[in-house]
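These are the residues of each chain, in order.
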Amino acid sequence: MNNTYTETTSLNRFYGKVYGFFAMGLAISAIAAYLSINMFREQVFGFLQNFPLGITGVWIVEFILVIVVSAKAQKNPSLTIAGFIVYALLNGFTLSVTLMLYSQASIALAFATATLTFIGMSLYGMFTKRDLSRVGQLAIGLLWGVIIATLLNFFLASSAGNYFLSYVTVLIFIGLTAYDNQQIRKLYAASQGQNQTGLAAFMALQLYLDFINLFLALLRIFSRD
């Protein structure tokens, strides 16, 4: 019984560490976005315009950071944490440009809905006995489909297509939120207590991506004319 209690306590601490990093990432992005919109708007636009390939170049850097964090999660915790912080900071800048296109009411509604949905699916992923591996695989497969469809829709400029893809994106990240929270438990068991700080930062990045993408998809839905 003592072993079970100790194991549960250690797992809870690991979840706490993951969500601590997750909260840190959201806070960095929120502060960066707020400052970008309200105090440094011209500087941010100047930075994005002068950055190689503009905002697309920043997205490429963010994609590279995700790969680096994924690769170094277990071997280099410090680099993993630093990569996550830089990612959250850069994403705050790019988010600020997106948020300028929407009303405060739409942003507040999308954020509240995303938060409640995220909490509900996180709790489900933490406590369900059902194996969510297939859910995760299906969601990842659909995500690649949405990425390809979004690129095609960029040329077609179909508002109905964009609206449909936003709903599909919401469903994808609802599934991934539950799946990733279950993966935290599995990753903890597989790590056997080794290099958990880097792994916690890596899983925090996964949850961060789940939440941000869920929020942006809901924002597009709530802001449709």
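Up top you'll find the structure we're talking about.
Residues numbered from 1 in each chain as written. Predicted model: local features only at pLDDT ≥ 70, side-chain atom pairs only at ≥ 80, totals over all residues. Heavy atoms only, no water.

Enquirer: So what exactly am I meant to see when it comes to the overall build of the protein chain here?
Expert: Assigned secondary structure in the protein chain consists of eight helices and zero strands. Start at the N end of the protein chain and walk to the C end: the helices and strands fall as α-α-α-α-α-α-α-α. Within the protein chain, buried positions represent 40% of all 225 residues. Restricting to contacts in the protein chain with at least 6 residues of sequence separation, those with at least 24 account for 83%. Split by element, the accessible area of the protein chain, about 12700 Å² in all, is 67% carbon and sulfur. (Helix = DSSP H or I, 4+ residues; strand = E, 2+ residues; numbered from the N terminus. Buried < 20%, exposed > 50% of the residue type's maximum accessible area, 1.4 Å probe, protein only. Contact = heavy atoms within 4.5 Å. Areas by Shrake-Rupley, 256 points an atom, 1.4 Å probe, with all protein chains shown as cover.)

Enquirer: Help me understand a nonpolar patch on the surface, please; the structure alone is not making it clear to me.
Expert: A contiguous nonpolar patch, built from Ile-60, Phe-63, Ile-64, Ile-67, Val-68 and Leu-79 and spanning about 510 Å² of accessible area, is present on the exposed surface. Ranked by the residues each element gives to the nonpolar patch, the list is headed by helix α3 (residues 55-72), at five residues. By the secondary structure assignment, Val-68 is in helix α3. The class of Val-68 is partly exposed, set by a relative accessible area of 31%. (Patch = residues over 30% accessible without salt bridge, like charges linked within 9 Å, V, L, I, M, F, W, Y side chains within 5 Å. Salt bridge = Lys/Arg side-chain N within 4 Å of Asp/Glu carboxyl O.)

Enquirer: What is the right way to read the pattern of salt bridges from this model?
Expert: Pairs can form between side chains of opposite charge once their charged atoms are near each other. Enumeration according to the criterion identifies one salt bridge in this entry. We note a salt bridge from Asp-131 to Lys-186, for which the minimum N-O separation is 3.0 Å. Of the two residues, Asp-131 sits in the loop between α5 (104-127) and α6 (133-156) while Lys-186 sits in helix α7 (residues 159-191), which places them 55 residues apart along the sequence.

Enquirer: I'm lost on the packing of α5 against helix α8 (residues 196-222) in this one. Help?
Expert: The relative placement of two packed helices is expressed as an angle between their axes plus a distance between the axes. It is at 8 Å that the axes of α5 and α8 come closest, and there the two elements cross at 135°. Judged by the angle between their axes, α5 and α8 are oblique. For the element pair α5 and α8, the recorded crossing hand is right-handed. Listed contacts from α8 to Ser-106, Ile-107, Leu-109, Ala-110, Phe-111, Thr-113, Ala-114, Thr-115, Thr-117 and Phe-118 of α5 are Leu-207, Asp-210, Phe-211, Leu-214, Phe-215, Leu-218, Leu-219 and Phe-222. Looking at the contact of α5 with α8, its residues break down into 13 nonpolar, four polar and one charged. (Axes fitted to C-alpha atoms, helices over the stretch in contact; angles between N-to-C directions. Parallel < 35°, antiparallel > 145°, perpendicular 65-115°, else oblique. Left-handed = near helix turned anticlockwise from the far one by under 90°. Nonpolar A, V, L, I, M, F, W, Y, C, P; charged D, E, K, R; others polar.)

Enquirer: Please explain the packing of α5 against α7 as it appears in this structure.
Expert: Contact geometry for α5 and α7: axes closest at 7 Å, N-to-C directions at 40°. In terms of orientation, α5 lies oblique with respect to α7. Where α5 crosses over α7, the two elements pack in a sense that is right-handed. Together, Thr-117, Phe-118, Met-121, Ser-122, Tyr-124, Gly-125, Met-126 and Phe-127 of α5 and Ile-174, Thr-177, Ala-178, Asn-181, Gln-182 and Arg-185 of α7 make up the contact between the two elements.

Enquirer: Hey, could you run me through the side chain of Ser-36 in this one?
Expert: For Ser-36, the location among the structural elements is in helix α1 (residues 2-38). Not counting residues within four places of it along the chain, the set of residues in contact with Ser-36 comprises Arg-41, Val-44, Phe-93, Ser-96 and Met-100.

Enquirer: Please explain the packing of aromatic side chains as it appears in this structure.
Expert: Two numbers describe a pair of aromatic rings. These are the distance of the centres and the angle of the planes. In this structure the tally under the stated criterion is nine aromatic pairs. Relative to Tyr-188, the ring of Phe-14 has its centre 5.6 Å away and its plane inclined at 40°; by these criteria the two rings are tilted. Of this pair, Phe-14 sits in helix α1 while Tyr-188 sits in helix α7; the two residues are 174 residues apart in sequence, bridging distant segments of the chain. Of the residues examined, Tyr-188 reaches a relative accessible area of 9% and is grouped as buried. For the ring pair Tyr-19 and Phe-22, a centre distance of 5.7 Å and an interplane angle of 75° mean the geometry is edge-to-face. Of this pair, Tyr-19 and Phe-22 both sit in helix α1, three residues apart, which is roughly one turn of that helix. Of the residues examined, Phe-22 reaches a relative accessible area of 8% and is grouped as buried. (Phe/Tyr/Trp six-rings, centres within 6.5 Å; stacked < 30°, edge-to-face > 60°.)

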